Amino acid sequence: MRFAWITLASYFFYGWWNWRFLPLMIASTTVDYIAGAKIKTAETENPRTRRAWLVGSLSFNLALLAFFKYYGLFASTINQASSSLGSGTVVPVLNIILPIGISFYTFNSMSYTIDIYRGLVRPARSLLHYSAFVALFPHLIAGPIVRYSDIETQFNSLKNRLGSHQASLGIYFFVIGLSKKVLIADRLARPVNEFFALAHPAGLVNSWIAVLGYSMQLYFDFSGYSDMAVGLAHFLGLQFPQNFNSPYKAENIADFWRRWHISLSTWLRDYLFIPLGGSRRSKTRTTLNLTITMFLGGLWHGAGWTFVVWGLYHGVLLVIHAAARERRWTLNSPTLNRIITFVAVMLGWVLFRAESFGGAMKILAAMFGRTGLGALPDSPLYMCWLAWACAVAFFARNTWEVELQPRLAYAWSLAGLLLASVLMLGGASPFLYFQF
Amino acid sequence: MKLTFSDASEWNPFVRTFLCSMLCALAAVAVLNYVVNPDGTYRSRVVPQLLWGARGQKLSLLATANPAPQALILGSSRIMNLAPTDLQKATGLVAFNAGVDVARPEDFYVLLRYAVERLHLHPRLIVIGVDVEAFHNHEPPHYYLQQPTELTPYLWTQPNPHWRWAKFTKLFTYDETRSSLTALYKVTTGHADQLERTDSDGLTHCDGWSRQMADGNRELGESIRDTISRFAPRYDDYTALSRERLDYLRATLDFAHQSGSQTVIFLTPTHPLVEAGLQPHGYASRKAEVIAAVQSISDQTKTPFYDFSSPREFGGEITHFIDGVHHDGTYFELMEARMFPARARAIQ
């Protein structure tokens with residue numbers, strides 16, 4: 001009964017945005033559930049049958065992603081190439097709406113069939129169990145990417161009563177996540193959006209401040225959502241995996257990817273990088289594997305060449321880091337390492353955020369002084385918010401590192417934070433990762 | 001990190017305390033906002049409404065205006081300091097400033113019909129100041145018109161059925177709480193009569209701003225930047241002129257003429273730096289569309305239209321702006337000189 005409620009509530013939540021895409025998610029769920037069951041039952045039979053079911057399931061999910069997310073990019077790229085050669089439109093341009101959360105739930109689903117194929121998990125007890133897993137509303141639209149293996153045991157031993165400790169943790173994660181979003185990320189959003197909307201970004205100082213603002217906005221927005229998802233999951237009696245571990249404290253780029261959007265980076269590692277051969281083969285092959293993984297990781301974020309270049313940029317950084325580590329060209333100062341890593345990540349965010357490749361180049365040129373020195377933003381309040389955000393990101397313990405105590409002072413503080421967040425909700429903006 | 005869950009009862013007080021303090025705090029905020037009721041959204045009238053341009057307040061003043069006004073000034077906060085006495089000097093008609101905050105053409109229409117049909121006023125002149133933003137195609141009517149009020153029967157589309165919910169959630173917003181605290185501060189410190197205040201003829205005095213300007217404490221550059229940052233998202237969403245709002249303007253003029261009133265329209269001024277700052281957000285296109293559309297309606301209804309969007313259009317300097325879109329009132333004398341050059345001969 002509880003699974004039926006979770007599923008219905010999740011479908012209602014999803015359908016509230018656009019009910020027309022609900023059948024798509026139900027179709028994906030059904031196909032993967034059947035494929036998972038078939039892979040399991042064919043375990044003792046012909047391995048080809050198992051492989052065929054796996055390939056069928058993966059192809060279905062990738063086809064969904066390819067059509068809904070990447071068809072537009074494909075069509076515009078082909079048509080641009082064709083028009084530059086003097087031909088007209090080759091591929092019809094369709095006005096396709098991107099179903100919200102499709103990147104997340106297809107990845108959730110793919111990990112399910114792959115893990116059954118690998119013998120890591122058993123198929124879900126019923127279609128209802130599996131539907132509840134795929135549609136689970138806390139993480140449905142912006143992650144974290146939860147694998148069935150993460151919650152299989154929890155699903156099968158779900159308690160009827162929510163304990164006060166888990167309820168407290170739910171409150172803690174949800175309130176901290178909401179306040180990260182509303183009290184930090186949204187305070188930084190307006191000047192950042194204005195800067196990235198400028199046709200001609202002016203000044204080195206302005207550009208660095210704006211990109212720093214975006215770096216903080218993105219982190220607090222996305223990690224805030226992840227914390228809220230963890231909190232909501234606690235209210236349902238489930239524990240989601242950690243998705244952020246103070247990424248801006250990373251001392252190198254590989255460390256950054258162990259701390260940023262952990263559920264995606266580990267997904268790419270386990271289902272793409274390692275199957276490609278990981279780092280067990282030659283250096284050239286490892287370089288190629290890293291590049292392919294990060295290329296696809298970039299493409300996962302959005303159907304745009306800026307995301308592809310952003311992914312490749314991180315691929316190159318990882319290759320450089322691996323080479324430097326092998327030759328022991330590393331610095332002994334953790335602070336310096338953190339600064340270098342953070343600056344490299346910031347430069348990447350320009351590609352990630354800019355509307356076009358040309359726009360990103362203009363901002364990068366401004367950051368390197370092509371448009372003059374510029375000046376600090378006129379708003380002292382904004383600078384205070386930014387300084388506060390930086391202090392929290394660089395020095396404070398993250399949500400998972402703070403050990404919640406059953407003290408009343410904690411309860412009052414969380415109530416105060418929630419009140420402040422509720423009051424500021426009126427001007428809140430959508431979560432940045434909803435677009436992926 | 002895998003968490004372990006303790007079933008110890010030591011967590012029960014934590015949950016109870018959190019829930020109780022949260023509910024108490026929310027209730028306190030809601031009670032504060034309901035009782036103070038800074039802009040007249042709720043029934044409470046314990047504290048006088050202090051925020052200027054409240055529709056309810058203007059209706060009360062209009063109903064009790066003595067002598068009955070012969071000229072009505074309609075528009076947004078940008079014309080609320082147009083002195084009715086100056087208009088009277090220019091036209092010879094007793095005037096009332098019915099400007100309200102964030103006014104759009106539906107406000108002009110319902111206010112005029114209310115004045116004529118409910119208050120039985122017979123204005124001989126209607127002066128309408130329109131803003132470029134007044135024809136926004138995605139902004140809903142002011143929240144006052146989204147709930148049943150004295151004015152809403154005159155709207156073509158009746159209020160949003162979710163107005164009760166919107167009214168309820170407004171109790172828990174930062175803006176409402178800040179307004180309540182500001183109002184409360186003004187009342188408790190005796191500043192209520194010294195800051196924004198509205199005369200019986202509807203003229204609003206911005207004494208706070210005036211004092212800041214006189215003391216040199218008002219940073220115009222900061223105000224202009226603030227205006228740009230507030231308006232930029234509105235312009236991003238302002239993709240075309242609202243047909244319905246243009247129809248409301250036409251209907252206002254038609255109704256005025258049927259009631260025997262003459263009409264004049266002017267486009268309110270905007271600081272050149274704000275215009276420049278909003279260029280990337282489509283300001284120039286929207287402004288050109290508004291001028292063309294209002295000119296067309298004016299021609300059809302034989303209403304004089306004046307484009308005063310830039311001070312140079314009426315011979316003004318740009319030094320009288322208080323922020324990006326409001327000014328100290330000096331411009332109105334120049335505008336009136338352009339609009340009523342013959343000292344109301346035609347109207348008289």
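Our structure is the block above this text.
The shown structure was predicted, so the numbers you read here are calculated from the model rather than taken from an experiment.

Quick notes on the rules
- Residues numbered from 1 in each chain as written.
- Chains lettered and ligands numbered in written order.
- Predicted model: local features only at pLDDT ≥ 70, side-chain atom pairs only at ≥ 80, totals over all residues.
- Core = buried A, V, L, I, M, F, W, Y, C linked by C-beta atoms within 7 Å.
- Buried ≥ 20, exposed ≤ 12 C-beta atoms within 10 Å, placed from the backbone.
- Helix = DSSP H or I, 4+ residues; strand = E, 2+ residues; numbered from the N terminus.
- Domains from an automatic or database assignment.
- Pairing = 2+ DSSP bridges.
- Axes fitted to C-alpha atoms, helices over the stretch in contact; angles between N-to-C directions.
- Contact = placed C-beta atoms within 7 Å.
- Nonpolar A, V, L, I, M, F, W, Y, C, P; charged D, E, K, R; others polar.

Ranked by size, the top nonpolar core spans 106 residues in total, and within it Phe133(A), Ala135(A), Val175(A), Leu188(A), Ala389(A) and Leu414(A) carry the most contacts. Ranked by residues supplied to this core, first place goes to helix α7 (residues 164–197) of chain A with 15 residues. Here this core spans two domains, since at least three of its residues come from each of domain 1 (2–156) and domain 2 (164–252 + 330–427) of chain A. One finds Ala71(B), Val264(B), Phe308(B) and Met335(B) within the second-largest nonpolar core, a separate group that totals 56 residues.

Sheets are built from strands paired through backbone hydrogen bonds, the pairs being either parallel or antiparallel. Residues and elements named next belong to chain B. What the five strands build is an open sheet, ordered β2-β1-β3-β6-β7; its pairing is parallel. A strand with exactly one partner marks an edge of an open sheet, and here the two such strands are β2 (95–97) and β7 (305–307). With strand direction ignored, the average angle separating the axes of adjacent strands in the sheet is 15°. Summarising the sheet, strand β3 (residues 125–130) and strand β6 (residues 262–267) pair through six bridges and their orientation is parallel. In the sheet register, isoleucine 128 faces β6, and the bridge partner there is isoleucine 265. Seen against the sheet, helix α4 (residues 105–118) touches β1 (71–74) and β3 and runs at an angle of roughly 155° to β1.

So, on to the interface of chain B and chain A. Opposite the 28 residues of chain B that make contact, chain A presents 30 residues. Put simply, the parts of the chain that give the side of chain B that touches chain A at least two residues each are α1 (11–36), α6 (174–188) and α8 (220–236) of chain B. Broken down by element, the residue count for the side of chain B that touches chain A peaks at eleven residues, all from α1(B). Its residues assigned to classes, the side of chain B that touches chain A comprises 16 nonpolar, seven polar and five charged.

Turning next to the pairing of β1(B). Residues and elements named next belong to chain B. Side chains Ala71 and Ile73 of β1 all project onto a buried face; the interleaved residues Leu72 and Leu74 project onto the opposite face, where all are buried too. Here three bridges tie β1 to β2, and the two strands are oriented parallel to one another. Bridging across to β2, isoleucine 73 finds its partner in asparagine 97. By the bridge criterion, four bridges tie β1 to β3 in an arrangement that is parallel. Bridging from a neighbouring strand, isoleucine 73 pairs with valine 127 of β3.

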